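Breakdown of the fold
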Amino acid sequence: MIAGPRYFAALAARLRWDADTLDLTADAESWSALDPARRSRLTVLLAGFCIAESRVADELAPFEPAAKDPAMAAVFAAQRADERRHYRLFDRIAALMLGAPPGDPGSRRRFVRALVPPPLLDLFERRLPETASALSGGRAELVDAVALYHLILEGVVLSAGQHALLAELGDGALPGVRRGVELVERDERWHVGFGLRCMLARDPGSASVLTLLEEGQAAIGAWGPAVSAEIRSRVLAQHRRRLAAIGLIPEARAHATVGRSG
Ligand SMILES: [Fe+2]
Ligand SMILES: [Fe+2]
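Quick look at the structure, then. (Residues numbered from 1 in each chain as written. Chains lettered and ligands numbered in written order. Predicted model: local features only at pLDDT ≥ 70, side-chain atom pairs only at ≥ 80, totals over all residues. Heavy atoms only, no water.)

1. Concerning the overall build of the chain
Along the chain, the regular secondary structure elements total 13 helices and 0 strands. When the helices and strands of the chain are placed in sequence order, the string is α-α-α-α-α-α-α-α-α-α-α-α-α. When its C-alpha atoms are laid out on the principal axes, the chain stretches across 50 × 40 × 30 Å. Taking the contacts inside the chain whose residues are at least 6 apart along the sequence as the reference set, 78% of them involve residues at least 24 apart. When the accessible surface of the chain is summed, it comes to about 11,200 Å², and 54% of that surface belongs to carbon and sulfur atoms. Across the chain, the 33 positively charged side chains and the 32 negatively charged ones have centroids separated by 2 Å. (Helix = DSSP H or I, 4+ residues; strand = E, 2+ residues; numbered from the N terminus. Contact = heavy atoms within 4.5 Å. Areas by Shrake-Rupley, 256 points an atom, 1.4 Å probe, with all protein chains shown as cover. Lys, Arg positive; Asp, Glu negative; His and termini not counted. Charge placed at Lys NZ, Arg CZ, Asp CG, Glu CD.)

In structure tokens form, the structure reads like this:
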């Protein structure tokens, strides 16, 4: 049983937090003392989130009018507020830790973008805007856009990145960043749940829906070596379980092992 839009709207209101007051002072001081290999993995992940959260915040705009039902539209609006908050957090981290220029957001964005693996940029800067534009132009259905946004980009790619960040930060080396990522992950759990709720209205023959399993397997590699093979396979297993839960793949395939994870 998947909850209705009013449940998600109430949850969003209850979970709201402030990205500007999260204390990152100790993190900024500890950053340069981290092991260089660890710092470079963290750099890819944090820069990737900075770009990804900025794009998901922008590209969610046409989902709201496409929802038609006002209760569903209100949930997309609440989600968009979350995505803006997530971007604000990672933008602060980029300025404090990654060495991005603190003043002009445009320069900061160019600096951060150069740190992100090209496959990740392709997903968030080409695939997502193309799909959002097709939705706003009436050339794509809402479920097709949700399939990419909520189930692939959030449910697979960003979920893998959050798992990797939390694994890297498990020892408390960057306590403010870890707390921020935990809060982001908590929000993203309801975003994906809401996406699954939207998918109940799908056309079973829709091409974007039929390829969700293969899309997930292709997208999981977007982070490159910053996400371990173990995390990739764990996230793909969760993706399969979600698809089975809403009847998009047979239950037996949810538990099948996948030979290639990215
Ligand atoms: Fe987000
Ligand atoms: Fe999200």
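Let us keep going from here.
2. Quick word on the nonpolar core
Counting 88 residues, the largest nonpolar core has Phe90 and Phe124 as its most contacted members. The greatest single-element share of this core, amounting to 16 residues, is contributed by helix α8 (residues 142-168). (Core = buried A, V, L, I, M, F, W, Y, C linked by side-chain atoms within 4.5 Å. Buried < 20%, exposed > 50% of the residue type's maximum accessible area, 1.4 Å probe, protein only.)

3. A look at the coordination of the iron ion (ligand 1)
Around the iron ion (ligand 1), the donor atoms from the protein are Glu53 (OE), Glu53 (OE), Glu83 (OE), His86 (ND1) and Glu188 (OE), and they sit 1.9 to 2.7 Å away. The sequence motif formed by the donor residues of the iron ion (ligand 1) is E-x29-E-x2-H-x101-E. Taken as a pair, the iron ion (ligand 1) and the iron ion (ligand 2) lie 3.4 Å from each other and share Glu83 as a ligand. With Glu53 in helix α3 (residues 36-59) and Glu188 in helix α9 (residues 175-199), this residue pair connects regions lying 135 residues apart in the sequence. When its relative accessible area of 0% is taken as the criterion, Glu53 is described as buried. (Donors = N, O, S within 2.8 Å, 3.2 Å for Na, K, Ca; no water.)

4. Points about the environment of Arg88
Position of Arg88 among the secondary structure elements: in helix α5 (residues 70-96). Owing to a relative accessible area of 35%, Arg88 belongs among the partly exposed residues under this scheme. In this structure, the C-alpha to C-alpha distance between Arg88 and Ala19, residues 69 residues apart in sequence, is 6.3 Å.

5. As for the coordination of the iron ion (ligand 2)
Put simply, a metal with four donors set out as a tetrahedron has ideal angles of 109.5 degrees, and one with six donors set out as an octahedron has ideal angles of 90 or 180 degrees. Every protein donor of the iron ion (ligand 2) is accounted for by Glu83 (OE), Glu154 (OE), Glu188 (OE), Glu188 (OE) and His191 (ND1), and the metal-donor separations fall at 1.8 to 2.7 Å. Along the chain, the residues donating to the iron ion (ligand 2) fall in the pattern E-x70-E-x33-E-x2-H.

6. Structural notes on the layout of surface pockets
There is about 230 Å³ of room inside the largest pocket. Taken together, Ala66, Ala67, Lys68, Met72, Leu135, Glu141, Leu142, Val143, Arg197, Cys198 and Ala201 form the lining of the largest pocket. Of all the elements in the fold, those that place two or more residues in the lining of the largest pocket are α8 and α9. Taken together, the residues of the lining of the largest pocket sort by class into 8 nonpolar, no polar and 3 charged. (1 Å grid on protein atoms, 1.4 Å probe; cavity = no way out; pocket = protein on both sides within 12 Å on 5 of 7 lines; lining within 4 Å. Points joined across faces, edges and corners; volume = space filled by probe spheres on them. Nonpolar A, V, L, I, M, F, W, Y, C, P; charged D, E, K, R; others polar.)

7. Description of the pattern of salt bridges
Scanning all chains against the criterion turns up 16 salt bridges. With its nearest N and O atoms 3.9 Å apart, the salt bridge here joins Arg38 to Glu168. One end of the pair, Arg38, is in helix α3; the other, Glu168, is in helix α8, and 130 residues separate them in sequence. For the pair Arg38 and Glu168, a shared accessibility class is recorded, and that class is buried. A salt bridge links Glu182 to Arg178, with the nearest nitrogen and oxygen atoms 3.9 Å apart. In this pair, Glu182 and Arg178 are both assigned in helix α9, 4 residues apart and thus about one turn of the helix distant. For Glu182, a relative accessible area of 31% corresponds to the partly exposed category. Looking at Arg178, the relative accessible area reads 27%, which means it is partly exposed. The network of salt bridges with shared partners includes Arg38, Arg41, Glu168 and Asp171. (Salt bridge = Lys/Arg side-chain N within 4 Å of Asp/Glu carboxyl O.)

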